[in-house]
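Each chain is listed here by its residues.
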Amino acid sequence: MVKPNLKVKIGGLELRNPVIAASGTFGSGEEYKDLTDLGSLGAIVTKSVTLRPSEGNPPPRVVETPSGMLNSIGLQNDGVDAFIKDKMPFLSKVKTAVIVSIAAHSVNDYAEIAGKLDRIKKVDAIEINISCPNVKGGLEFAREPGSAAAVVAKVRAASKKPLITKLSPNVKDITEIAMAAEDAGSDAVSLVNTFTGMAIDICAKRPVLGNIVGGLSGPAIKPIALRMVWETAKKIKIPVIGMGGIMGYEDALEFIIAGASAVEIGTANFVNPKAAADIIAGIEKYMLQEKIKNIKELTGCLRT
Amino acid sequence: MIQSAGKVISNRSVKPGYYLMAVKCPAVAKKAKPGQFLTIRCGNGTTPLLRRPFGFHRISASGFEILYERIGKGTAFLSGLKPGDEIDVLGPLGNGFAIPRGKKDFVILAGGMGVAPLASLAESLVRIKKAEVCAIIGARSEKALLCEGHFKNIGIRTLVATDDGTCGKKCFATDVLNDFLEAKQRLRPVIFACGPGPMLKAAAHISKKRGLECHVSLEENIACGVGACLGCAIKTRSGYKLVCKDGPVFNAKEIIW
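Residues numbered from 1 in each chain as written. Chains lettered and ligands numbered in written order. Predicted model: local features only at pLDDT ≥ 70, side-chain atom pairs only at ≥ 80, totals over all residues. Heavy atoms only, no water.

**Some remarks on the sheet that holds strand E6 (residues 63–69) of chain B**
Sheet strands pair by backbone hydrogen bonding; their relative direction is either parallel or antiparallel. All names here are of chain B. Taken together, seven strands build an open sheet; the order of strands is E4-E3-E7-E1-E2-E6-E5 and the sheet is antiparallel. Lying at the two open borders of the sheet, with one neighbouring strand each, are strand E4 (52–55) and strand E5 (58–59). Pairing of E5 with E6, which is carried by two bridges, proceeds in the antiparallel orientation. Its bridge partner lying in E6, Ile-59 is registered against Phe-64. (Pairing = 2+ DSSP bridges. Helix = DSSP H or I, 4+ residues; strand = E, 2+ residues; numbered from the N terminus.)

**Focus on helix H3 (residues 118–125) of chain B**
Residues and elements named next belong to chain B. Counting buried positions along H3 gives eight out of eight residues, so the element sits mostly inside the fold. All buried positions along H3 are accounted for by Leu-118, Ala-119, Ser-120, Leu-121, Ala-122, Glu-123, Ser-124 and Leu-125. As for H3, its buried residues are in contact with E5, strand E8 (105–111), strand E9 (132–139), helix H4 (148–153) and strand E12 (190–194). (Buried < 20%, exposed > 50% of the residue type's maximum accessible area, 1.4 Å probe, protein only. Contact = heavy atoms within 4.5 Å.)

**Some remarks on unusual backbone geometry**
The linkage connecting Thr-47 of chain B with the following residue, Pro-48 of chain B, adopts the cis geometry, with an omega of 0 degrees. Along the polypeptide, Pro-48 of chain B turns up in the loop between strand E3 (37–41) and E4. Cis geometry marks the peptide bond from Gly-247 of chain B to Pro-248 of chain B; its omega dihedral reads 5 degrees. Turning to its location among the elements, Pro-248 of chain B is positioned in the loop between strand E15 (239–242) and strand E16 (249–251). Backbone geometry at Ser-67 of chain A places phi at a positive 50 degrees, although glycine is not the residue there. Considering the arrangement of structural elements, one finds Ser-67 of chain A in the loop between strand E5 (62–65) and strand E6 (68–71).

**Side note on the interface of chain A and chain B**
Across the contact, 32 residues belong to chain A and 27 residues belong to chain B. Where chain A abuts chain B, roughly 2,500 Å² becomes buried across the two surfaces, and 59% of that area is made up of carbon and sulfur atoms. Three residues stand out in chain A for area buried against chain B, namely Glu-64, Phe-270 and Val-271 of chain A, and they jointly supply 24% of the buried area on that side. Taken together, chain A and chain B are joined by one salt bridge. In this structure, Glu-64 of chain A and Arg-52 of chain B form a salt bridge, with 2.7 Å as the shortest nitrogen-oxygen distance. Summed over the shared surface of chain A and chain B, the number is nine residue pairs in polar contact (both at pLDDT 80 or more). Elements represented by at least two residues in the side of chain A that touches chain B include exactly E5, E6 and helix H8 (267–271) of chain A. Looking at the side of chain A that touches chain B residue by residue, the classes come out as 15 nonpolar, 10 polar and seven charged. (Buried area = accessible area lost by both parts, 1.4 Å probe. Salt bridge = Lys/Arg side-chain N within 4 Å of Asp/Glu carboxyl O. Polar contact = N/O pair within 3.5 Å; in protein donor to acceptor, adjacent residues only side chain to side chain. Nonpolar A, V, L, I, M, F, W, Y, C, P; charged D, E, K, R; others polar.)

**Observations regarding the pairing of E12 of chain B**
All names here are of chain B. Judged by how many residues are buried, E12 sits mostly within the fold: five of five residues are covered. Judged by which residues are buried, E12 turns out to be covered on both faces: Val-190, Phe-192 and Cys-194 on one side and Ile-191 and Ala-193 on the other are all buried. Pairing of E12 with strand E13 (residues 214–217) involves four bridges; the strand directions are parallel. Within E13, the position partnered with Ile-191 by the bridge is Cys-214.

**A few points about helix H5 (residues 173–183) of chain B**
Residues and elements named next belong to chain B. All buried positions along H5 are accounted for by Ala-173, Thr-174, Val-176, Leu-177, Phe-180 and Leu-181. The arc enclosing the buried residues of H5, seen along the axis, measures out at 150 degrees, which places them on a common side. Residues of H5 that are buried make contact with E8, E9, strand E10 (157–162), E12 and helix H6 (197–209). (Arc of directions from axis to C-beta.)

**As for the sheet that holds strand E14 (residues 213–217) of chain A**
Residues and elements named next belong to chain A. Taken in spatial order, the four strands make up an open sheet running E5-E6-E14-E11, and their pairing is antiparallel. The strands lining the two open edges of the sheet, one partner per strand, are E5 and strand E11 (195–198). Put simply, the sheet's adjacent strands are angled 40 degrees from each other on average, direction ignored. Relative to E14, E6 runs antiparallel, the two being bridged by three bridges. Bridge pairing in E14 links Met-69 to Ser-217. (Axes fitted to C-alpha atoms, helices over the stretch in contact; angles between N-to-C directions.)

**Some points on the state of the cysteines**
Residues and elements named next belong to chain B. Scanning the model with the defined rule gives zero disulfides over all chains in all. With no disulfide partner, Cys-147 has as its closest neighbouring cysteine sulfur the one in Cys-194, 11 Å distant. For Cys-232, which is in no disulfide, the shortest distance to another cysteine sulfur is to Cys-244 and amounts to 3.7 Å. On the basis of relative accessibility, which here comes to 4%, the residue Cys-232 falls in the buried class. (Disulfide = S-S within 2.5 Å.)

**Remarks on the domain arrangement of chain B**
All names here are of chain B. Assigned domains within chain B: domain 1 (2–93) and domain 2 (105–254). On a C-alpha basis, the centres of domain 1 and domain 2 stand 21 Å from each other. Each side of the interface is counted separately: domain 1 has 19 residues, and domain 2 has 25 residues. With both sides pooled, the region where domain 1 packs onto domain 2 buries about 1,700 Å², and carbon together with sulfur makes up 63% of that total. (Domains from an automatic or database assignment.)

**Here we look at the layout of surface pockets**
By volume, the second largest pocket amounts to about 690 Å³. Lining the second largest pocket are 35 residues, with Glu-31 and Lys-87 of chain A together with Gly-227, Leu-230 and Lys-245 of chain B sitting closest to its centre. Of all the elements, helix H1 (residues 80–93) of chain A adds the most residues to the lining of the second largest pocket, at four residues. In terms of residue class, the lining of the second largest pocket is made up of 12 nonpolar, 12 polar and 11 charged. Here the lining of the second largest pocket spans two domains, and each of domain 1 (2–93) and domain 2 (105–254) of chain B adds at least three residues to it. (1 Å grid on protein atoms, 1.4 Å probe; cavity = no way out; pocket = protein on both sides within 12 Å on 5 of 7 lines; lining within 4 Å. Points joined across faces, edges and corners; volume = space filled by probe spheres on them.)

**Regarding the nonpolar core**
Core analysis: the biggest nonpolar cluster contains 138 residues, and Ile-102, Ile-128 and Ile-283 of chain A have the highest contact counts within it. With six residues, the top contributor of residues to this core is helix H9 (residues 275–289) of chain A. Of the residues that make up this core, three or more belong to each of domain 1 (2–93) and domain 2 (105–254) of chain B. Beyond its immediate stretch of four places on either side in the chain, Ile-283 of chain A contacts Leu-6, Val-19, Tyr-249, Ala-252, Leu-253, Ile-256 and Ile-295 of chain A. (Core = buried A, V, L, I, M, F, W, Y, C linked by side-chain atoms within 4.5 Å.)

In structure tokens, the structure reads:
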């Protein structure tokens, strides 16, 4: 039997397969170089970079919850210039697509970061994180179609790279935001970022997280994320990258059948550093069994 | 670091609620140093979800031991493992205890489960020529006192403090440390400590006051364990550092308590 074709296209970027390591869960790839074959991944999305260094939120920053985890990292990073200087040399050698996630507090900052990255050859695409729940104002751009569109349009003008807009589930109607991103020139949307949540230490009567609230990820959010991906994929023409609690290839396939062209793997990387590689192998096996030659046949094939 | 299958050799209760598990896992053990840690995936389900971190209690060429308290879902899973069972091990992670060259006097300060990673350190210290090692172990009560016999067996002077006085002196481990240092003023020992935050803070304070070198092994909630998620940050004099990658052992004077 011929090897199934797993290649997918996100804007002008072709990925060898649809399985992508999600931002914030995979560092800049280097952290996992001894633990998994980075070259086997469809792409790596790096931890969000901001224009200037950002120290992040006070600890504790992570806590496990039933079938999930809360995090409130708060965009800790050394800024885009340090990222280009310190992280890009390694990423330039990685034999997979590199998608750089960017975050900012103003439309102009988004554009400035994108402009700096536009000059870097090995930056294959930019993921615009308008949905970080852990910094003040981090969700502002994701909440209204108008503000989301303003960010995307400004980044579009600053960069020729394929653009992926990462959407927040903490909104009234995620499909409206997705349509706004599409209209403003985004090449794809990725969803969902984490759900805002909290946990309380009942002995101390204090929040567990130093930031009080954080973002919920992991299997606990999967059914909601899946529903949002399905609803969004029906409304837009650009590719949808689905994520939210994908632990195994079966989860990934659910997202793809619901309409995702690709998937991102987040929390699962912590549980098993080889999760993404296992998911790729699982999808391939499924396609062989189901006699599906091209992954594109699966995207949005949901029978209702 | 490497992700490898480990085989449970033995897994027994050393005291009610406390377990010692020996794991055959040469790939990880060969590279492990005292003070480093490993993570174990506790089952294949989604709860517990994240891997659980443990300090290396003892290290040999073919494997390692972990000493743990059955305290939540992860350790409940572990306590049910039988010899021959396979576990998913990731390690060694982080930096171990750096033993300063030329030093001969050492104090090991342990509080509660903090004693676990200090046993492998103790075994390294006693191998240093003419080393004088004193261990001070603090626990809630005799029921939670661990490793006293092990430290004595390898020839280390061992002092005990319990909160309720059921064993050793009825005081904190750091009170014993203070008395010990007061009585041996000529000694300039290097202190290695692991235990609850308040104990480490007190140890840092005591060592600062006396101008002694003190290394502390810290704990934080850990998600990735490899420095990727930035979840286990602690505040230091040079900004946030990661327990999993920059630690878990830090010079006490670096920490903002």
